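One-letter residues, chain by chain:
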Amino acid sequence: MDFVRIRDAHLAEEFSLSKDLPTLVYFRHGIPVVFYGDLEDGDDVFDFIFENMQTAAEKSEADEEDQEEEEEEDEEEEDEEEEDTNEEEDKIQEVLKKVLL
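In this text, all values refer to a predicted model and were calculated from it rather than measured experimentally. (Residues numbered from 1 in each chain as written. Predicted model: local features only at pLDDT ≥ 70, side-chain atom pairs only at ≥ 80, totals over all residues. Heavy atoms only, no water.)

Student: I keep staring at the overall build of the protein and nothing clicks. Help me out?
Tutor: Assigned secondary structure in the protein consists of two helices and two strands. Each of the 101 residues in the protein was classed as buried or not, and the buried ones make up 11%. Sequence separation of at least 24 residues holds for 30% of the intrachain contacts in the protein that already meet a minimum separation of 6. Of the accessible surface of the protein, which amounts to about 9200 Å², a share of 47% is contributed by carbon and sulfur atoms. (Helix = DSSP H or I, 4+ residues; strand = E, 2+ residues; numbered from the N terminus. Buried < 20%, exposed > 50% of the residue type's maximum accessible area, 1.4 Å probe, protein only. Contact = heavy atoms within 4.5 Å. Areas by Shrake-Rupley, 256 points an atom, 1.4 Å probe, with all protein chains shown as cover.)

And the structure:
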């Protein structure tokens, strides 16, 4: 986990941090999540970080599962298309055989 100190007032203002410095911000997938608890309470800080890390890990896991499902669906669609193509080719060959005989 990286920690950053902001000295740029405009950047702090962009993330609505200009009033309450110092502030703890966790960036989950690029989205800032601001800690509004007491920075001197180690348990609160730990819980905040742990919960957000856990949520990020769960989202990554869910994203991987979604991607696997999409890949499986794509494979099934490709198999169905291939079966359809094979059936059409078989019909064409049958017609050709009848015509050529």
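Student: Help me out: how do you make sense of the nonpolar core in this one?
Tutor: Here is a general trend for soluble globular proteins: nonpolar side chains tend to be buried in one another's company. In terms of nonpolar packing, the biggest core is built from six residues, these being L24, Y26, F35, V45, F48 and I49. Excluding residues within four positions of it along the chain, V45 makes contact with L24, F35, D38 and L39. (Core = buried A, V, L, I, M, F, W, Y, C linked by side-chain atoms within 4.5 Å.)

Student: Sorry, what's going on with a nonpolar patch on the surface here?
Tutor: On the surface, I92, V95, L96, V99 and L100 cluster together into a nonpolar patch covering about 530 Å² of accessible area. By secondary structure assignment, the location of V99 is in helix α2 (residues 42-100). Classification of V99 by relative accessible area gives exposed; the value is 62%. (Patch = residues over 30% accessible without salt bridge, like charges linked within 9 Å, V, L, I, M, F, W, Y side chains within 5 Å. Salt bridge = Lys/Arg side-chain N within 4 Å of Asp/Glu carboxyl O.)

Student: Explain the environment of D44 here, please?
Tutor: Here D44 is to be found in helix α2. Since its relative accessible area comes to 33%, D44 is described here as partly exposed. The residues touching D44, leaving out its near neighbours within four places in the chain, are F35 and D38.

Student: Explain the pairing of strand β1 (residues 25-28) to me, please; I cannot follow it from the model alone.
Tutor: Looking along a regular strand, one sees the side chains alternate between the two faces of the sheet. As paired elements, β1 and strand β2 (residues 31-34) share four bridges and run antiparallel to each other. The partner of F27 across the bridge, within β2, is P32. (Pairing = 2+ DSSP bridges.)

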